[in-house]
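# Residue-level structure breakdown
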Amino acid sequence: MKRAGVLLLGAFPVIAAGVYLAVPDGSAGTAGSADTAATASASSPATAGSARDDAKDRAEEEREADDALIADLPPGLAAPAKKELAQQLVSSAENSTTEWRTAYGTIEDLGDGDGYTAGVIGFCTGTHDLLTLVERYTEAHPGNGLAAYLPALREVDGSDSHEGLDPGFTAAWKAEARVPAFRAAQEEERDRVYFDPAVRLAKLDGLGTLGQFVYYDAMVFHGPDTDPEGFYGLRERAMAKARTPGQGGSEKAYLDAFLDVRVRAMRAKRPGIDTSRVDTAQRRFLAAGNMELATPLVWEMYGDTYRVP
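Keep in mind it's a predicted model, so treat the numbers as computed, not measured.

Conventions used here
- Residues numbered from 1 in each chain as written.
- Predicted model: local features only at pLDDT ≥ 70, side-chain atom pairs only at ≥ 80, totals over all residues.
- Heavy atoms only, no water.
- Helix = DSSP H or I, 4+ residues; strand = E, 2+ residues; numbered from the N terminus.
- Buried < 20%, exposed > 50% of the residue type's maximum accessible area, 1.4 Å probe, protein only.
- Contact = heavy atoms within 4.5 Å.
- Areas by Shrake-Rupley, 256 points an atom, 1.4 Å probe, with all protein chains shown as cover.
- Axes fitted to C-alpha atoms, helices over the stretch in contact; angles between N-to-C directions.
- Parallel < 35°, antiparallel > 145°, perpendicular 65-115°, else oblique.
- Left-handed = near helix turned anticlockwise from the far one by under 90°.
- Nonpolar A, V, L, I, M, F, W, Y, C, P; charged D, E, K, R; others polar.
- Core = buried A, V, L, I, M, F, W, Y, C linked by side-chain atoms within 4.5 Å.
- Salt bridge = Lys/Arg side-chain N within 4 Å of Asp/Glu carboxyl O.
- Pairing = 2+ DSSP bridges.
- Phe/Tyr/Trp six-rings, centres within 6.5 Å; stacked < 30°, edge-to-face > 60°.

The secondary structure content of the protein chain amounts to 12 helices and 5 strands. Residues classed as buried in the protein chain amount to 48% of the 309 residues present. Of the contacts made within the protein chain by residues no fewer than 6 positions apart, 62% connect residues no fewer than 24 positions apart. Here the protein chain displays about 13,700 Å² of accessible surface, and carbon together with sulfur accounts for 53% of that area.

Put into C-alpha cells, the structure is as follows:
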C-alpha cells in the first residue's frame, strides 16, 4: 500500500484539521477576509492572535459536537468483529492472505518509489509513516533494535533510498517484529493514522459500515494527504460529483462516485495496476446492497477467492 505523500492528518481530529487547512491564519477563508486579516496582523499582532484563538475555539467546539454526534451512532466498522474483518480485507489486497497478523515482520522494496514497505499496514521508509512509527516506538522503548536506524530513516524519508539502512535494517525489523510491544505499536499507529480518522470522517459523512471500510482502504492506499491523489483530495472530487448521505444524498450514488474517482487515481499513479481491491471486492459488496458488510462475505483479489463465514 503506497501513500501519495507525507501529510499525516490522521494524527489530528479530522474536522479540526479541516478547519485549520481552510483557515490557517484564523481568517474567514475568502480572499477579502484574508487580506483584512493580513492587514490586521501587520497593524495589531494582538488582533491577529485573537482571531487565531477564536478559530481554534470554534474548531474545538465543532470537534466536541462531532464527538457527541459520533457517540450516538452505531459502532459500525469500529465494532471488534467488523474491525477484524476490515483488516482481513485489506490484508487480502496487501499480502494475499486474510491472516493479517502474519505481516508484522514483512519488509521489502516493491520497486514503486517508496523505499521499503514493512509491517502490518505497509509502513514505508519513503512516506514518513514508518519513520513516525519508529520515533514513537523509541520514545516509549528506548534502546530498541530499530532506534540506531533513526538518523538514516530521517535522511531517506521522502525518497526510495536505502542509504544507511542496508544491509542490516531488514533483519533488525524482522527481529523487532517478534517483540510484542512493537507489534502493539504497529497496530496503534495503524489505528491512529489510518483506521480511526477514516471511520470518524465516514460516520460524519453519513456512511454505514461498508462506506467506512471504503474510506479506510482508500486512506491506506492513497495516504491521508490533501493533494489531489491523496485521500482527502479524492473525497473532495467525489463530493463534487455526488452528495454524501450527510448532505442529503444517496449513499450508494456517493460511494459509486468515490470508487470511480479512486480507480482513476490508482490508474493514473500506476498505469496497468490491478484494481480488483475495488472492482471485485468493494463494488461487489455495494452492488449487492451489503451496506453493513454483513457476513458471510466472498470477494476476489488478483484472481484468488476469499471467504469469511
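With that out of the way, let us pick up the packing of helix H9 (residues 209-222) against helix H11 (residues 251-269). With their axes 11 Å apart at the nearest point, H9 and H11 run at an angle of 15° to one another. By the angle class used here, H9 and H11 are roughly parallel. The chirality of how H9 crosses H11 is left-handed. When H9 is examined against H11, the residues Gly211, Val214, Tyr215, Asp217, Ala218, Phe221 and His222 are found in contact with a partner set consisting of Tyr254, Leu255, Phe258, Leu259, Arg262, Ala265 and Met266. Each residue belonging to the contact of H9 with H11 can be placed in one class, and the counts come to 10 nonpolar, 2 polar and 2 charged.

What follows deals with the nonpolar core. Membership of the largest hydrophobic core comes to 75 residues, with the highest contact counts inside it found for Phe169, Trp173, Tyr216 and Phe258. The contact partners of tryptophan 173, leaving out residues within four places of it in the chain, are Tyr104, Gly105, Thr106, Ile107, Ala118, Gly119, Leu130, Leu133, Val134, Leu146, Phe182 and Gln186.

We now examine the pattern of salt bridges. Enumeration over the complete set of coordinates arrives at 21 salt bridges. Ionic pairing is found between glutamate 84 and arginine 101, a salt bridge with its closest N-O pair at 3.0 Å. Of the two residues, glutamate 84 sits in helix H4 (residues 80-94) while arginine 101 sits in the loop between H4 and strand S1 (107-109), which places them 17 residues apart along the sequence. Across the pair arginine 235 and glutamate 236 runs a salt bridge, and its minimum N-O distance is 3.7 Å. Accessibility expressed as a relative area gives 12% for arginine 235, which makes it buried. Linked through salt bridges whose partners overlap, the residues forming this network are Glu60, Arg63, Asp67 and Arg200.

Attention shifts here to the sheet that holds strand S2 (residues 116-118). Strand order in the open sheet made by the 3 strands is S1-S2-S3, with antiparallel pairing throughout. Single-partner strands in this sheet number two, and they are S1 and strand S3 (123-124). Here S1 pairs with S2 via 3 bridges, running antiparallel. In the strand pairing of S2, glutamate 108 is matched with threonine 117.

Quick look at the environment of cysteine 124 now. Along the chain, cysteine 124 turns up in strand S3. Accessibility expressed as a relative area gives 0% for cysteine 124, which makes it buried. In the structure, cysteine 124 is positioned 33 residues away from aspartate 157 in sequence and 8.8 Å away in space, judged by C-alpha atoms.

Right, let's talk about the environment of leucine 297 for a bit. Inspection of the secondary structure puts leucine 297 in strand S4 (residues 297-301). In the structure, leucine 297 is positioned 11 residues away from valine 308 in sequence and 5.2 Å away in space, judged by C-alpha atoms. Discounting residues that sit within four places of it in the chain, leucine 297 has contacts with Leu85, Leu89, Phe285, Asn290, Tyr306, Arg307 and Val308.

Applying the stated criterion across every chain, the model contains 15 aromatic pairs. Ring centres of tryptophan 173 and phenylalanine 182 lie 5.0 Å apart, and the angle between their planes is 80°; this geometry places the pair in the edge-to-face category. The exposure classification of tryptophan 173 matches that of phenylalanine 182, with both residues buried. Pairing phenylalanine 195 with tyrosine 216 gives two aromatic rings, centres 5.0 Å apart and planes at 80°, and the pair type is edge-to-face. Of this pair, phenylalanine 195 sits in helix H8 (residues 180-204) while tyrosine 216 is found in helix H9, placing the two residues 21 residues apart along the sequence. Residues phenylalanine 195 and tyrosine 216 agree in their burial class; the two are buried. The structure contains a cluster of three or more aromatic residues connected by ring pairs, namely Tyr116, Tyr137, Tyr149, Phe169, Trp173 and Phe182.

With that out of the way, let us pick up the pairing of strand S5 (residues 304-308). Relative to S5, S4 is paired through 5 bridges, and the arrangement is antiparallel. Among the inter-strand pairings, methionine 301 is bridged to a residue of S5, identified as aspartate 304. Hairpin connection of S4 to S5: 2 residues between the antiparallel strands, including tyrosine 302 at a positive phi of 55°.

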